[in-house]
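Residues per chain are reported as follows:
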Amino acid sequence: EATKKGQVRIGPPDKDPQATFAFPKKGTRSAVMVVPVGGGQVKFVTSDKAAVQLRVEVLGYALNAKPVKVRSAPATRIVKAKLDATAPLVVGPITGLAGLSPKAKKISGVILQVQTKGLGPDGAVKIYGPDRSIPGSRSAPVVAGKKYTSLVVAEIGTDGKLAIAPTVPAKVKVTIVGWVHR
């Protein structure tokens, strides 16, 4: 919780930060932002006399000068299920939902809010296109007996579908919140 409502400005350390994130005094707020960096560093500046706790997750990066084409989407839940680790749940096609392009080839990645609750030991949920490589790292953590919310950027399959594969039994909610245009 913040000491009072305010904003955080985010940007490269050698310039005046331009990206702005407003936060309330009570509760939490999340946002997906594309922020330029300088020398692998980012500067955070809060409004006067406001202190706030931040959790930052890097969802991706670009090494070239081309701008990343991130599109916001109205929050659209695509999964609410109790899953086990025996087989992935395949959903979709999600193309055309929540303002996503109707053509999978125009979607570089889909931005998802993933809420998990572990029904056993700690683990992870991996989200990927069923005809793509399974990610080597976790997409979203699963904490035993607790709810945990993450933002995930996942590549969809060529058919517009997603596979959701937990490594442990878990309750999982997946909501589309944006996408990256190819």
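Being a predicted model, the structure only gives us computed values, none of them experimental.

Q: Could you give an account of the pattern of salt bridges, naming the residues involved and the relevant values?
A: One pass over the full model with this rule turns up two salt bridges. Note that Arg 9 is salt-bridged to Asp 16, the shortest N-O span being 3.6 Å. By relative accessible area, Arg 9 is classed as partly exposed at 26%. Notably, a salt bridge pairs Arg 132 with Glu 155, separated by 3.6 Å at the nearest N-O pair. Of the two residues, Arg 132 is situated in the loop between strand S7 (123–128) and strand S8 (140–142) and Glu 155 in the loop between strand S9 (147–154) and strand S10 (162–166); the sequence distance between them amounts to 23 residues. On the accessibility criterion, Glu 155 (37% relative accessible area) is partly exposed.

Q: I'd love a proper account of unusual backbone geometry, names of residues and values included.
A: Between Gly 92 and the following residue, Pro 93, the backbone shows a cis peptide bond with an omega angle of 15 degrees. Backbone geometry at Ala 98 places phi at a positive 50 degrees, although glycine is not the residue there. Looking at the secondary structure, you find Ala 98 in the loop between strand S5 (89–91) and strand S6 (107–118).

Q: Which residues make up the sheet that holds S8, and what values go with them?
A: An order of S5-S10-S7-S8 is seen for the four strands of this open sheet, with the pairing classed as antiparallel. Each edge of the open sheet is held by one strand with a lone partner, namely S5 and S8. For this sheet the average axis-to-axis angle between neighbouring strands, irrespective of direction, equals 20 degrees. Looking at chain direction, S5 and S10 are connected through three bridges and run antiparallel. Each bridged residue has a counterpart across the sheet, and for Val 91 the counterpart in S10 is Leu 162.

Q: Which residues make up the nonpolar core, and what are the values?
A: Grouped together as the largest cluster of nonpolar side chains are 28 residues, with contacts concentrated most on Leu 112 and Leu 162. Looking at this core, the elements with two or more residues in it are strand S4 (70–83), S6, S7, S8, S9, S10 and strand S11 (170–181). It is S11 that provides the largest number of residues to this core, a total of five residues. With near-sequence residues (within four places) excluded, Leu 112 lies in contact with Ile 78, Ile 127, Ser 150, Leu 151, Val 152, Ala 154, Leu 162, Val 174, Thr 175, Ile 176 and Val 177. Among the nonpolar cores identified, the runner-up in size contains seven residues, and Ala 2, Val 8, Ile 10 and Ala 19 belong to it.

Q: Any chance you could break down the sheet that holds S11 for me, citing the residues and the numbers?
A: Strand order in the open sheet formed by four strands is S4-S11-S6-S9, with antiparallel pairing between adjacent strands. At either margin of the open sheet sits one strand with a lone partner, and together these are S4 and S9. Sheet twist, expressed as the average angle between the axes of neighbouring strands with direction ignored, equals 20 degrees. Pairing of S6 with S11 involves 11 bridges; the strand directions are antiparallel. Counted as the bridge partner of Val 110 is Trp 179 from S11.

Q: Could you give me a rundown of the side chain of Ser 139, with the residues and numbers involved?
A: With respect to the helices and strands, the residue Ser 139 is situated in the loop between S7 and S8. Looking at Ser 139, its side chain comes within polar contact range of the main-chain nitrogen of Ile 127, at 3.0 Å. The contacts of Ser 139, once residues within four sequence positions are left out, are Val 125, Lys 126, Ile 127 and Val 152.

Q: Explain a positive patch on the surface to me, using residue names and the numbers behind them.
A: Together, Arg 77, Lys 80, Lys 82, Lys 117, Lys 147 and Lys 171 make up a positively charged patch on the protein surface. Per-element tally for the positive patch: the top contributor is S4, with three residues. Relative to the assigned elements, Lys 82 resides in strand S4. Judged by its relative accessible area of 63%, Lys 82 falls in the exposed class.

Definitions and limits used
- Residues numbered from 1 in each chain as written.
- Predicted model: local features only at pLDDT ≥ 70, side-chain atom pairs only at ≥ 80, totals over all residues.
- Heavy atoms only, no water.
- Salt bridge = Lys/Arg side-chain N within 4 Å of Asp/Glu carboxyl O.
- Buried < 20%, exposed > 50% of the residue type's maximum accessible area, 1.4 Å probe, protein only.
- Helix = DSSP H or I, 4+ residues; strand = E, 2+ residues; numbered from the N terminus.
- Pairing = 2+ DSSP bridges.
- Axes fitted to C-alpha atoms, helices over the stretch in contact; angles between N-to-C directions.
- Core = buried A, V, L, I, M, F, W, Y, C linked by side-chain atoms within 4.5 Å.
- Contact = heavy atoms within 4.5 Å.
- Polar contact = N/O pair within 3.5 Å; in protein donor to acceptor, adjacent residues only side chain to side chain.
- Patch = residues over 30% accessible without salt bridge, like charges linked within 9 Å, V, L, I, M, F, W, Y side chains within 5 Å.
- Areas by Shrake-Rupley, 256 points an atom, 1.4 Å probe, with all protein chains shown as cover.
- Lys, Arg positive; Asp, Glu negative; His and termini not counted.
- Charge placed at Lys NZ, Arg CZ, Asp CG, Glu CD.

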